[in-house]
Amino acid sequence: MKNVVLALDAMGGDFGPVVTVPASLQALSLHPKLELLLVGNPDVISPILSASRSACIDRLTVIPAKLVIGGDIRPAQAIRVSKDTSMRVALELIKSGRAQACVSAGNTGALMGLSKLVLKSINGIERPALTTLLPHQKQGKTVILDLGANISCDGAMLVQFAIMGSVLSEQILGVSNPRVALLNIGSEETKGLDNIRHASEILHTISSIHYVGYIEANDLLIGKTDVLVCDGFVGNITLKTMEGVIRVILSTLKSSDKENKLNWFMQSINFWIGKCLFNKFSQFHPDWYNGAYLIGLRNTVIKSHGAANQRAFTAAIIQAIHAVERKIPERISARLSTVLSKK
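Residues numbered from 1 in each chain as written. Predicted model: local features only at pLDDT ≥ 70, side-chain atom pairs only at ≥ 80, totals over all residues. Heavy atoms only, no water.

## As for the overall build of the protein
When you go through the protein residue by residue, the secondary structure sums to 11 helices and 11 strands. Entry remark: accessible area of the protein is about 16,100 Å², with carbon and sulfur atoms responsible for 55%. (Helix = DSSP H or I, 4+ residues; strand = E, 2+ residues; numbered from the N terminus. Areas by Shrake-Rupley, 256 points an atom, 1.4 Å probe, with all protein chains shown as cover.)

## Some remarks on unusual backbone geometry
It is generally the case that most residues other than glycine have a negative phi and that most peptide bonds are trans. In this structure, Asp-146 follows Leu-145 across a cis peptide bond, with omega equal to 5 degrees. Within the secondary structure, Asp-146 sits in the loop between strand 6 (141–145) and helix 6 (155–173). At Lys-120, a position not held by glycine, the phi torsion is positive, near 70 degrees. Checked against the element boundaries, Lys-120 lands in the loop between helix 5 (108–119) and strand 5 (129–135). Positive phi, close to 50 degrees, is recorded for Lys-327, a residue that is not glycine. Here Lys-327 is to be found in the loop between helix 10 (310–325) and helix 11 (328–341). Residue classification places Lys-327 among the partly exposed positions, given a relative accessible area of 48%. (Buried < 20%, exposed > 50% of the residue type's maximum accessible area, 1.4 Å probe, protein only.)

## Observations concerning the packing of helix 4 (residues 86–95) against helix 5
Between two packed helices, the angle of one axis relative to the other and the distance separating the axes together describe the packing. Where helix 4 contacts helix 5, the two axes come as close as 10 Å, and the packing angle between them is 30 degrees. Taken together, the axes of helix 4 and helix 5 are roughly parallel relative to one another. The two elements helix 4 and helix 5 cross, and the hand of that crossing is right-handed. On the side of helix 4, the interface is formed by Met-87, Arg-88, Leu-91, Glu-92, Ile-94 and Lys-95, while helix 5 contributes Ala-110, Leu-111, Leu-114, Ser-115, Leu-117, Val-118 and Leu-119. Tallied by class, residues from the contact of helix 4 with helix 5 come to nine nonpolar, one polar and three charged. (Axes fitted to C-alpha atoms, helices over the stretch in contact; angles between N-to-C directions. Parallel < 35°, antiparallel > 145°, perpendicular 65-115°, else oblique. Left-handed = near helix turned anticlockwise from the far one by under 90°. Contact = heavy atoms within 4.5 Å. Nonpolar A, V, L, I, M, F, W, Y, C, P; charged D, E, K, R; others polar.)

## Observations regarding helix 5
With 12 residues, helix 5 extends 16 Å between its outermost C-alpha atoms, agreeing within 8% with the 16 Å of an ideal straight helix rising 1.5 Å per residue. Here helix 5 has its buried residues at Ala-110, Leu-111, Met-112, Gly-113, Leu-114, Ser-115, Val-118 and Leu-119. Next to the buried residues of helix 5 lie helix 3 (75–80), helix 4, strand 4 (101–104), strand 10 (292–295) and strand 11 (300–303). Residue Asn-107 occupies the N-cap position of helix 5, its side-chain oxygen lying 3.0 Å from the main-chain nitrogen of Gly-109. After helix 5 finishes, the residue Lys-120 shows a positive phi value of roughly 70 degrees. (Expected span 1.5 Å × (residues − 1). Polar contact = N/O pair within 3.5 Å; in protein donor to acceptor, adjacent residues only side chain to side chain.)

## Structural notes on the pairing of strand 3 (residues 60–64)
Pairing of strand 2 (residues 34–40) with strand 3 involves five bridges; the strand directions are parallel. Bridge pairing in strand 3 places Leu-37 opposite Thr-61. In terms of handedness, the path from strand 2 via helix 2 (residues 42–52) over to strand 3 forms a crossover that is right-handed. (Pairing = 2+ DSSP bridges. Right-handed = clockwise from strand over helix to strand, strands pointing away.)

## Side note on the pairing of strand 2
For strand 2, a buried count of six out of seven residues is recorded, marking the element as mostly surrounded by other parts of the structure. Sheet topology places strand 1 (residues 4–9) next to strand 2; six bridges connect them, and they run parallel. Residue pairing across strands places Asp-9 opposite Val-39, the latter belonging to strand 2. Since strand 1 and strand 2 lie parallel, the crossover through helix 1 (residues 17–30) that links them has a hand, and here it is right-handed.

## Focus: the environment of Ser-86
Position of Ser-86 relative to the elements: it lies in helix 4. Judged by its relative accessible area of 1%, Ser-86 falls in the buried class. On a C-alpha basis, the gap between Ser-86 and Ala-7 in space is 9.9 Å, while along the polypeptide they are 79 residues apart. Excluding residues within four positions of it along the chain, Ser-86 makes contact with Asp-9, Met-11, Val-39, Gly-40, Ala-65 and Leu-67. Reaching out from Ser-86, the side chain makes a polar contact with the side chain of Asp-9 at a distance of 2.5 Å.

## Remarks on the side chain of Thr-314
Along the polypeptide, Thr-314 turns up in helix 10. Judged by relative accessible area, Thr-314 falls into the buried class, the value being 3%. Here the side chain of Thr-314 touches Ala-23 through a polar contact of 3.5 Å, landing on its backbone oxygen.

## Comments concerning a nonpolar patch on the surface
A cluster of nonpolar side chains, namely Ile-151, Phe-233, Val-234 and Ile-237, defines an oily patch on the protein surface of about 360 Å² accessible area. Within the secondary structure layout, Val-234 lies in helix 8 (residues 232–254). (Patch = residues over 30% accessible without salt bridge, like charges linked within 9 Å, V, L, I, M, F, W, Y side chains within 5 Å. Salt bridge = Lys/Arg side-chain N within 4 Å of Asp/Glu carboxyl O.)

## So, the nonpolar core
Counting residues in hydrophobic clusters, the biggest one holds 63 residues, and the most contacted among them are Leu-6, Leu-34, Phe-161, Val-229 and Ile-295. For this core, the element with the most residues is helix 6, which contributes 10 residues. For Val-229, the residues in contact, after removing those within four places along its chain, are Leu-145, Leu-158, Phe-161, Ala-162, Val-180, Ala-181, Leu-182 and Leu-183. Core analysis: the next-biggest nonpolar cluster, separate from the first, contains 40 residues, Leu-37, Ile-63, Ile-144 and Ala-292 among them. (Core = buried A, V, L, I, M, F, W, Y, C linked by side-chain atoms within 4.5 Å.)

What follows is the structure in structure tokens.
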């Protein structure tokens, strides 16, 4: 297998190189065929690299870019001032052929806009979607999209998301004939907004999509579907609500014994119950599935949480490796061609 070359926006996110550089070295240690182009300010990155003394440093190249797109800047303004920023340079490395994919924890709207501008969308895809692989209680994962790239979507866009999600489920998760569902306020066909009902009508006519109808948000983690489709507004709120609840549960389980007044026997039972529950819920912690695919582009772009720690950013890098190895953009393009040719 040939080496996978990724461009990383080292300056993006809440913590920048303090997180992205150690995560890069960790990813290199895990994947011998990986090469990284670390884009950012050399004056900030180099001291961190020097202190690491990693044996993998020969597979990492620092690409200078002294400017950074702020997290609070509007996407349109970010695009206008993007020249020589770490995010723009990382994307340009894909366009020039030096890298096969990009990973950034920077401004989501800016990444979306710049990715469309620099890399272009796949023919037949109106707008890319943010996508993640969410664990469920049956030990599998559900592809969920969109997670915030598109606040409002018409029925045709939701159908495009369904097609892309199916390809991702097949190629990344190995699911044969993945089940596709639309997120809605009820399972009845008459429920929901016009765009959701329109998408449902179209999906019923596409034989290559295993469409199973509507599911509600309370079924998100039970493995009822392999691909869950929604607009970016609903998807973003749904995912962040779930992540917040999981963090609270895990935090509560970790700190439950300090103020416990029970006798030692009951404390011991409480400890083991808490440990079992912690192990059960920890699979849903956002750090373990960090890295949202900006799917629908001609190349691979992965968006990391802005507040990602080292482990989480490493997970995002690994997502990018999998996408490159399985040629996700090419497979989506081929699937779209097949679906459109049958209309």
